[in-house]
Amino acid sequence: MRVERDVVLSRTLITGAHWTTSSLSRTAAVWLTEAEIAGRLIAVDTTIDTTADRAIQADRCQVTGDIRLVQGFRANGEIRFIASQLGGSLDLAGCELVPRNGRAIDMAEATVGGSLFITDSPRHRPVIRGRLEMGRASVNGRVLIRKASLEAPEPGVGRHLYNAKDPAQRLALLAQGATIRGELTMSDGTSMVGGATFAGATIDGGLLIDGTSIQNGFDVALDLTHAHIGTTVSAVQADIQGTVDLDGAEVAGPLDLRTAALSRPAHRYCLTAVRAVIHGDIRLVEATIGDSYPAVTPGACGGLTFRGAEIRGMFDAERAQILSPGDASINLHQAQIAGNIRLCGGFRSVGVVMLNRAQVEGRLHCEDASFEWQRRENGDPRSTRLNERESAFEAISSTVRGGIGLGWSIEGAVDFSDAHTSYLADRPERDWPARRSYLTGFTYERWAETSMHGSGEWGWKTRRRWLRHCDPAESGDLGDPGPWEQAARTLKRHGDSEGSEQILMAYLRTNRQRRAGWARFRLVRGWDRVVNDWFRGYGYRPLRALIPLVLLVVAVAVPLLPASSNRVMRTADPSGVVYSPQGELSQIESGRTPQNACGKGKVRCFNPWLYAVDTVVPIVDLKQRSTWAPSTDAGGGWMLAWVNLATLIGWAISSLLVVGLARAGSRALN
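Residues numbered from 1 in each chain as written. Predicted model: local features only at pLDDT ≥ 70, side-chain atom pairs only at ≥ 80, totals over all residues. Heavy atoms only, no water.

Enquirer: Account for the side chain of Thr232, with residues named and values stated.
Expert: Within the element layout of this structure, Thr232 appears in the loop between β33 (228-229) and β34 (233-234). A residue is classified by how much of its surface remains accessible, and Thr232, at 17% relative accessible area, is buried. (Helix = DSSP H or I, 4+ residues; strand = E, 2+ residues; numbered from the N terminus. Buried < 20%, exposed > 50% of the residue type's maximum accessible area, 1.4 Å probe, protein only.)

And the structure:
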């Protein structure tokens, strides 16, 4: 059929059910298949009440102007515009479509030269109870859905036999592979019962669903997998029950979910954006993700996942509430974030926040935030995520170049294993769970204040208490020296060598207190306490070895001071004459008083103090030990044994002193 002007069906009642050669199995009330209309198709306040399979069948028709099914237009059958070409717009303002077969409009592969409008009219609100199919359709203008009520048919109703598998059980809007040159807007007042899919679609003007309600609980509510969004995805104040799926999608602007409410996900996550590319910010300010905790409906909670995503702006969740007990509340595993991550200012997480292997160019802000790990609630059919450490926050092997600011409240473990950052702003005595803070391999350049003003906590005593408080090692375990060495390096790099050494000594002392290794034996612990705490300083105070050395010199010299004790000492001159410290031995034995105790210089005079030094200190040779020796014949056997023992002890202490000084010199050079 060819019509050179408008086709006007306004204010008519159509009840027919006709057969044509265009279809061998379906009837329709109005047939426009392959028709050519040089003007417009207008149906204002028209009613199509038919027993036919379709209300209008206009496959591959060509309309130069607009198609307007508006202001009270009502149809109880399917309207088909498959592969049709419209030079103008498709206007469905104030229409009511209630098809019996579940397909309201099928415009797959159609081309619309203008825009698509599903809006309210002065006296009518658009109601569509069936599927709106736009697969691979092309709209050169915009798609505007305003104050409309869209309701999907029951699961399995309205599908074509040749359709690919739907991403959800109930779908109200299907636009897989569609191209929309303008924006797609669902404005405030629009409600959708069922899901919408734009998988693989291109929407150059952006997707704006601010204030919209989409109800498809425990299924996919909005499917944007592998879609290309030209500007922004905005769902400010939207209420979405079901999963928003952005896996593999590219958004050329921000993803804006401020004050939105997302709940009742299909599986684990209310929003999933695995390997998506977001060119702007992710805005979650004051958003509520996951209904409530404890949840009124089991399974209504869920988190967010941006695993492997590339976010070229910041991730802002200030004052947001993300509730996903027993699972990840935020999953940024292997994500790349060009800006800051803001989980602060009243942010709340129930579940675990995961930044494992993420690359963050900006800062991580967690000031005044609350993190809590809880298991799944009773009645939730989903299994609890494997979280052996019951972590509330994980950043394993992540890199945060701008710095990490804590100042949070946390119930659960914290895992920064192998993470790296430029600075750590924390409150050492408040921000870290006792014996549940895992810092193995965690590196940072300095400490700072959580307020970003001031220098932070640098006192080695505070940091020593912090490390003891955090250390998760159990009694009998050696524990990881890495966190202690990192703190020591940080102090030394900024000029506090004394504090650095105190931290390292505290680690060794803590191992003894934990009874790790040989320290499980009481005798070993006592010996270690005496040697290291008093006389060695664990190798960092080598000059303390002088104390036992001096005590040993005194212990050797004092017994030799009285004449009654040192008379057991003997020496001989070159001619073989034997002397004691009192003089020539033959004169003493004959009862004569020796005129000179040293034989007028024939032998070196005995000095108990110099003899003790010569005995104890091996690197000193004062010719006393080589000249004088206790005589067993004179009852000096006990003295000989004591002197030999003192020599061995002196060798050991002197060796510790020399080695300690060498290590201290090496550390000073480094």
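Structure's up, so let's keep going.
Enquirer: Got a sec to walk through the packing of aromatic side chains? Specific residues and values, please.
Expert: Applying the stated criterion across every chain yields a total of 16 aromatic pairs. Both rings, one in Phe371 and one in Trp408, keep their centres 5.2 Å apart while their planes meet at 65°; by these two values the pair is edge-to-face. You can see Phe371 sitting in strand β52 (residues 370-372) and its partner Trp408 sitting in the loop between β55 (403-405) and β56 (409-411), a full 37 residues away along the chain. Judged by its relative accessible area of 1%, Phe371 falls in the buried class. Stacked on the ring of Trp466, the Lys or Arg Arg463 has its end atom at 4.8 Å from the ring centre. (Phe/Tyr/Trp six-rings, centres within 6.5 Å; stacked < 30°, edge-to-face > 60°. Lys NZ or Arg CZ within 6 Å of the ring centre and 35° of its normal.)

Enquirer: Which residues make up the sheet that holds strand β62 (residues 569-572), and what values do they have?
Expert: The antiparallel open sheet is built from four strands, whose spatial order is β64-β63-β62-β65. Each end of this open sheet is capped by a strand with a single partner; those strands are β64 (583-584) and β65 (629-630). With two bridges connecting them, strand β63 (residues 578-580) and β64 associate as antiparallel partners. For Ser580, the partnering residue across the bridge sits in β64 and is Gly583. (Pairing = 2+ DSSP bridges.)

Enquirer: Give me helix α3 (residues 497-513): which residues, what numbers.
Expert: When the terminal C-alpha atoms of α3 are compared, their 24 Å separation across 17 residues agrees well with the 24 Å that a helix rising 1.5 Å per residue should span. Along α3, twelve of the 17 residues are buried, which leaves the element largely enclosed by surrounding structure. Those residues of α3 lying buried are Gly499, Ser500, Gln502, Ile503, Leu504, Met505, Ala506, Tyr507, Arg509, Thr510, Asn511 and Arg512. (Expected span 1.5 Å × (residues − 1).)

Enquirer: Describe in detail the nonpolar core, supporting the description with residues and values.
Expert: Side chains that are nonpolar tend, in soluble globular proteins, to be buried together. Ranked by internal contacts, the top residues of the largest apolar core, which has 144 residues, are Phe306, Phe315, Phe371, Phe393 and Phe416. Broken down by element, this core gets its largest block of residues, five residues, from α3. Filtering out sequence-adjacent residues up to four positions away, Phe371 remains in contact with Leu343, Phe347, Ser349, Val353, Cys366, Ala392, Phe393, Trp408, Ser409, Ile410 and Glu411. Counting twelve residues, the second largest nonpolar core, distinct from the first, contains Val553, Ala612, Ala646 and Ile653. (Core = buried A, V, L, I, M, F, W, Y, C linked by side-chain atoms within 4.5 Å. Contact = heavy atoms within 4.5 Å.)

Enquirer: I'd like a description of the environment of Ala287, backed by residues and values.
Expert: Following the sequence through the fold, Ala287 ends up in the loop between β41 (282-283) and β42 (288-289). When its relative accessible area of 1% is taken as the criterion, Ala287 is described as buried. When the C-alpha positions of Ala287 and Gln321 are compared, they lie 6.2 Å apart, and in sequence the two are 34 residues distant. The residues contacting Ala287, other than those within four sequence positions of it, are Leu257, Thr259, Ala260, Ala320 and Gln321.

Enquirer: How would you summarise the pattern of salt bridges if you had to cite specific residues and measurements?
Expert: Enumeration according to the criterion identifies 34 salt bridges in this entry. Across the pair Asp59 and Arg80 runs a salt bridge whose closest N-O atoms are separated by 2.5 Å. Taken together, the residues Asp59 in the loop between β9 (54-57) and β10 (62-63) and Arg80 in strand β13 (residues 78-80) connect sequence positions 21 residues apart. You can call Asp59 buried: its relative accessible area is 4%. Overall, Arg80 belongs to the buried group, its relative accessible area being 10%. Where Arg131 meets Glu133, a salt bridge forms, and the shortest distance between an N and an O atom there is 3.1 Å. Taken individually, Arg131 and Glu133 each receive the classification buried, so the pair is uniform in this respect. (Salt bridge = Lys/Arg side-chain N within 4 Å of Asp/Glu carboxyl O.)

Enquirer: Explain the packing of helix α5 (residues 546-557) against helix α8 (residues 608-616) to me, using residue names and the numbers behind them.
Expert: In contact at an axis separation of 8 Å, α5 and α8 are set at 130° when each is read in the N-to-C sense. One way to sum up the angle between α5 and α8 is to call them oblique. The handedness of the crossing between α5 and α8 is right-handed. The residues of α8 that touch α5, namely those facing Leu549, Leu552, Val553, Val554, Val556 and Ala557, are Pro608, Trp609, Ala612, Val613 and Val616. Taken together, the residues that form the contact of α5 with α8 break down as eleven nonpolar, no polar and no charged. (Axes fitted to C-alpha atoms, helices over the stretch in contact; angles between N-to-C directions. Parallel < 35°, antiparallel > 145°, perpendicular 65-115°, else oblique. Left-handed = near helix turned anticlockwise from the far one by under 90°. Nonpolar A, V, L, I, M, F, W, Y, C, P; charged D, E, K, R; others polar.)

Don't take any of this as a statement about function, it's just geometry.
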